[in-house]
Amino acid sequence: MAITAPKGTRDILPEESYKWVYLEEEIRCLCSLYRYEEIRTPMFEKTELFVRGVGQETDIVQKEMYTFEHRDKESFSLKPEGTAAVVRAYGENKLYTLPQPVKLYYLTPCFRAERPQKGRYRQFHQFGIEVLGTKSAGIDAEVIALAARLFKQLKIENIKLYINSVGCGKCREAYYHTLKTFLATKLDVLCEDCQKRYEKNPMRVLDCKEETCQAALQEAPYMVDYLCEECEEHFAEVKENLQLMQVAYEINPRIVRGLDYYEKTAFEFVTEDIGAQGTICGGGRYDGLSELIGGPKTPGIGFGMGLERLLMLVGDKLPAKKAALQIYIASMGRQAEKKAQEMVEQLRAQGICAEKDFMQRSLKSQMKYADKLGAENVLILGDEEINAGTAEIKNMQTGEQCRVSIKTTEQFVADYKAGVKKA
Ligand code: ATP
Ligand code: MG
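Residues numbered from 1 in each chain as written. Chains lettered and ligands numbered in written order. Predicted model: local features only at pLDDT ≥ 70, side-chain atom pairs only at ≥ 80, totals over all residues. Heavy atoms only, no water.

### Description of helix α1 (residues 14–33)
For step 1, the next point in the chain: With 20 residues, α1 should reach 28 Å at 1.5 Å per residue; the first-to-last C-alpha distance of 29 Å fits that figure.
For step 2, the next point in the chain: For α1, the full list of buried residues reads Glu16, Lys19, Trp20, Leu23, Glu26, Ile27, Leu30 and Cys31. Buried residues of α1 fall within an arc of 130° about the axis and therefore sit on the same side. Turned more than 90 degrees away from the buried face of α1 sit Pro14, Glu25, Cys29 and Leu33, all of them exposed.
For step 3, the next point in the chain: At its buried positions, α1 is contacted by β5 (102–111), β6 (123–132), α5 (137–153) and α11 (307–314).
For step 4, the next point in the chain: Looking at the residues trailing α1, positive phi occurs at Arg35, about 65°. (Helix = DSSP H or I, 4+ residues; strand = E, 2+ residues; numbered from the N terminus. Expected span 1.5 Å × (residues − 1). Buried < 20%, exposed > 50% of the residue type's maximum accessible area, 1.4 Å probe, protein only. Arc of directions from axis to C-beta. Contact = heavy atoms within 4.5 Å.)

### Things to note about helix α6 (residues 169–184)
For step 1, the next point in the chain: Helix length check: α6 (16 residues) gives 22 Å between terminal C-alpha atoms against 22 Å at 1.5 Å per residue, within 8%.
For step 2, the next point in the chain: Tyr175 marks the point of greatest bend in α6, at about 30°.
For step 3, the next point in the chain: When α6 is considered as a whole, its buried residues turn out to be Cys171, Arg172, Tyr175, Leu179, Phe182 and Leu183.
For step 4, the next point in the chain: Packing partners of the buried residues in α6 comprise α7 (192–200), α8 (211–216), α9 (229–244) and β9 (263–270). (Bend = angle between axes of the 7 residues up to and from the residue.)

### Section: unusual backbone geometry
For step 1, the next point in the chain: Residue Pro101 follows Gln100 across a cis peptide bond; omega there is -5°.
For step 2, the next point in the chain: The residue Lys94 is not glycine, and still its phi comes out positive at about 55°.
For step 3, the next point in the chain: Relative to the helices and strands, Lys94 is located in the loop between α4 (83–92) and β5.
For step 4, the next point in the chain: Although it is not a glycine, Gln246 sits at a positive phi angle of roughly 55°.

### So, the site of ligand 1
For step 1, the next point in the chain: Taken together, 15 residues sit near ligand 1, with Arg112, Glu114, Tyr121, Lys209 and Arg257 positioned nearest.
For step 2, the next point in the chain: The side chain of Arg112 places a nitrogen or oxygen atom 2.8 Å from an oxygen atom of ligand 1.
For step 3, the next point in the chain: At 2.6 Å, a side-chain N or O of Glu114 approaches a nitrogen atom of ligand 1.
For step 4, the next point in the chain: For ligand 1, whose unbound accessible area comes to 580 Å², protein coverage reaches 90%.
For step 5, the next point in the chain: Within the residue set of the shell around ligand 1, elements represented by two or more residues are β6, β10 (279–285) and β11 (300–306). (Near = heavy atom within 4 Å. Polar contact = N/O pair within 3.5 Å; in protein donor to acceptor, adjacent residues only side chain to side chain. Areas by Shrake-Rupley, 256 points an atom, 1.4 Å probe, with all protein chains shown as cover.)

### Re the domain arrangement of the protein
For step 1, the next point in the chain: Annotation of the protein at the domain level lists domain 1 (14–168 + 228–317) and domain 2 (327–422).
For step 2, the next point in the chain: For domain 1 and domain 2, the distance between their C-alpha centres works out to 50 Å. (Domains from an automatic or database assignment.)

### Let's talk about the layout of surface pockets
For step 1, the next point in the chain: Its volume calculated, the second largest pocket comes out at about 400 Å³.
For step 2, the next point in the chain: Around the second largest pocket, the lining is made up of 18 residues, and of these Ala148, Lys152, Val247, Ala248 and Phe269 lie nearest the centre.
For step 3, the next point in the chain: Where the lining of the second largest pocket is concerned, the elements lending two or more residues are α5 and β7 (160–165).
For step 4, the next point in the chain: The leading source of residues in the lining of the second largest pocket is α5, at five residues. (1 Å grid on protein atoms, 1.4 Å probe; cavity = no way out; pocket = protein on both sides within 12 Å on 5 of 7 lines; lining within 4 Å. Points joined across faces, edges and corners; volume = space filled by probe spheres on them.)

### Concerning the sheet that holds strand β8 (residues 250–251)
For step 1, the next point in the chain: In space, the eight strands of this open sheet follow the order β1-β5-β6-β11-β10-β9-β7-β8, with mixed pairing throughout. Taken across any chain shown, the strands that pair with only one partner, and hence form the sheet edges, are β1 (37–38) and β8.
For step 2, the next point in the chain: For β10 and β11, the ladder comprises five bridges, and the chain directions are antiparallel. Note on β11: the bridge partner recorded for Gly284 is Gly302. (Pairing = 2+ DSSP bridges.)

### With respect to the pairing of strand β4 (residues 74–78)
For step 1, the next point in the chain: Where strand β2 (residues 44–46) and β4 come together, three bridges link them in antiparallel fashion. Residue pairing for β4: Glu45 is matched across the bridge by Ser77.
For step 2, the next point in the chain: Here four bridges tie strand β3 (residues 67–70) to β4, and the two strands are oriented antiparallel to one another. Residue Phe68 lies in a different strand from β4, and its bridge partner there is Phe76.
For step 3, the next point in the chain: In this antiparallel pair of consecutive strands, β3 and β4, the connection spans three residues, and Arg71 shows a positive phi of 45°.

Now the structure itself:
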């Protein structure tokens, strides 16, 4: 039996890959406009980084990591998300010695052993940004505004921004007490996962996707109503800055994010246009993360955006692949084919996209093939033309044909660049 790709992975074929390139270019351009610079971290890290940085009790660490041991000694895991590694790299490479804040972005594959379904893969791709070194609420708003700007540029309309504050260690303690008292009265109807969350991370019960849990939570107390003075003020400033930047948002007290290291600001961009997996982008502030993984005390904020989901949303709206083939050289006969082989390379050296036949096609088939490739011009070479030093060039759009000099490829290129001339 033929070997197939692993479940939950997919090949990105040429008919789709050009869309990825387009999206990635849009993203890179936007990031440089906002002065974010690219960071590339390894595809795998010490497992401990994710256990501490993502959280022992999260679904990611509990069930979704690809973990392997190197010669039975050290444990490594493929990166399930981008933030922990960026924060590690910030400390390890002493990026705190640079002028702050440090504004970074990444485009990376991520790996999670989840049940594959529409919009959910085992290898998927994230665009993410992280800003390290400032607690300023203005940066929270900038990070959110950058994502909103990308959606705007891609002409995505049906997407909502939900924001929330998940407080800090200080205010969460009192809130957890209130929340747990409430949840205790609902324990018998909560799902198995939520019963565990009740003990270890009660706030995560709020974003459980089970309908019965959501129904039981109608009257639940929310963190936003229990914020300490500092968190309250920060949240107010984030909202004010979003308004200044004209970013529309809705407060959703149930946005808590799946990762343990979030503090204060948490947000999601959600759409109903691509089915059940509608969260395109999720992020928040993680002021405690760096210390948690043994780095310097450093505040930070960022987001992760799923590129497969983004592409599902915009795929059809992206510009069609442009025909870039400028000259196809059709040849008849051995000598002409050799000349074609020489000329395509010389044309490419001059930055002109050129192609020839490699399948011993007849002249008629080569003309059809050139048309299929979307060639703008076809240069027709036969042994006679080579001897005469001139050949026919056909404009495939207008059908117009004229004779051009091919005595030297340099001359031909110069003529071509000046607009094809009659010989
Ligand atoms: P979900 O609720 O869909 O499981 P999540 O909370 O696990 O998402 P994050 O860890 O915040 O997601 O990752 C950020 C983004 O990465 C998500 O909003 C989504 O767009 C994308 N993403 C996460 N997991 C997958 C996956 N298995 N396949 C494709 N995209 C994914
Ligand atoms: Mg998930």
